[in-house]
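Here is how the chains run, residue by residue.
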Amino acid sequence: MSLTVSRDLLDQATEGDVDDAAFVACVRDSLPYAWSVISGLVEQRATSGAEFADNLVAPPDEAARGQLLRCLASDSMRGALERHFGIRLAFQNCHRVAVFHPGATAALAEFTSPRAQILNQKPELVDC
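1. A word on the packing of aromatic side chains
Point 1. Going through the model one piece at a time under the given rule, you end up with two aromatic pairs.
Point 2. When the centroid spacing of 5.2 Å and the interplanar angle of 45 degrees are considered together, the rings of W35 and F85 count as tilted. Residue W35 is found in helix 3 (residues 32-48), and its partner F85 is found in helix 5 (residues 75-85); the two are separated by 50 residues along the sequence.
Point 3. Relative to F100, the ring of F52 lies with its centre 4.9 Å away and its plane at 20 degrees, an arrangement referred to as stacked. Placement of the pair is F52 in strand 1 (residues 52-54) and F100 in strand 3 (residues 97-100), with a sequence separation of 48 residues.
Point 4. Residue F100 is classed as buried on the basis of its relative accessible area of 0%.

See below:
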């Protein structure tokens, strides 16, 4: 299961639309490792003023790796985090997450290109 959903949030979803802030809080609380990586990259990118910041450190264990995969594989979670932080997210492998300034279209296109994916491959990442 990806998220630990409170009864209040489940009731909200049953009755209609879910508040974005409540959904983001659910993601933050349910996937703390993924949240820490993404929020840390957001802060790093904002501080540096760069077009993007990316994570090159492998998760400490399979549970952490699973959090990143679940968070970034979900269109709804990914979209909510992008709206919350005002960034674009990209993902290359089991840990290479990047956050982009919304206007960094050339950098995003390069990061998500087949060339970049091929160049990012390493034997130790085959089963990540």
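Further notes follow.
2. Here we look at the pairing of strand 3
Point 1. Covered by surrounding structure in strand 3 are V97 and V99 together with A98 and F100, the residues of both alternating faces.
Point 2. By the bridge criterion, three bridges tie strand 1 to strand 3 in an arrangement that is antiparallel. Across the sheet, residue F52 finds its bridge partner in strand 3, namely F100.
Point 3. With four bridges joining them, strand 2 (residues 88-91) and strand 3 adopt antiparallel strand pairing. When the sheet's bridge partners are listed, F91 is paired in strand 3 with V97.

3. Re helix 5
Point 1. Taken residue by residue, helix 5 has M77, G79, A80, L81 and E82 as its buried positions.
Point 2. If you follow the buried residues of helix 5, they end up packed against helix 2 (20-30), helix 3, helix 4 (62-73) and strand 2.
Point 3. Just beyond helix 5, the residue with positive phi is G86, at close to 70 degrees.

4. Let's talk about the nonpolar core
Point 1. Grouped together as the largest cluster of nonpolar side chains are 26 residues, with contacts concentrated most on V27, I38, L81, L89 and V99.
Point 2. Mapped onto this core, the elements with two or more residues apiece are helix 2, helix 3, helix 4, helix 5 and strand 3.
Point 3. The contact partners of L89, leaving out residues within four places of it in the chain, are I38, L72, R78, L81, E82, V97, A98 and V99.
Point 4. Membership of the second largest hydrophobic core comes to seven residues, among which are A98, F100, L108 and F111.

5. Considering helix 4
Point 1. The end-to-end C-alpha separation of helix 4 is 16 Å, in line with the 16 Å expected for twelve residues at 1.5 Å each.
Point 2. Among all positions of helix 4, only A64, R65, G66, Q67, L68, C71 and L72 are buried.
Point 3. Elements in contact with the buried residues of helix 4: helix 2, helix 3, helix 5, strand 2 and strand 3.
Point 4. Sitting at the head of helix 4, D61 places a side-chain oxygen 3.2 Å from the backbone nitrogen of A63.

6. Some points on the packing of helix 3 against helix 5
Helix-helix packing: each pair is described by the crossing angle between the helix axes and the interaxial distance.
Point 1. Viewed as axis vectors pointing N to C, helix 3 and helix 5 meet at an angle of 35 degrees, and their least axial separation amounts to 11 Å. Crossing hand, helix 3 versus helix 5: right-handed. In contact with W35, I38, S39 and V42 of helix 3, helix 5 contributes L81, H84 and F85.
Point 2. By residue class, the composition of the contact of helix 3 with helix 5 is five nonpolar, two polar and no charged.

Criteria and cut-off values
- Residues numbered from 1 in each chain as written.
- Predicted model: local features only at pLDDT ≥ 70, side-chain atom pairs only at ≥ 80, totals over all residues.
- Heavy atoms only, no water.
- Phe/Tyr/Trp six-rings, centres within 6.5 Å; stacked < 30°, edge-to-face > 60°.
- Helix = DSSP H or I, 4+ residues; strand = E, 2+ residues; numbered from the N terminus.
- Buried < 20%, exposed > 50% of the residue type's maximum accessible area, 1.4 Å probe, protein only.
- Pairing = 2+ DSSP bridges.
- Contact = heavy atoms within 4.5 Å.
- Core = buried A, V, L, I, M, F, W, Y, C linked by side-chain atoms within 4.5 Å.
- Expected span 1.5 Å × (residues − 1).
- Polar contact = N/O pair within 3.5 Å; in protein donor to acceptor, adjacent residues only side chain to side chain.
- Axes fitted to C-alpha atoms, helices over the stretch in contact; angles between N-to-C directions.
- Left-handed = near helix turned anticlockwise from the far one by under 90°.
- Nonpolar A, V, L, I, M, F, W, Y, C, P; charged D, E, K, R; others polar.

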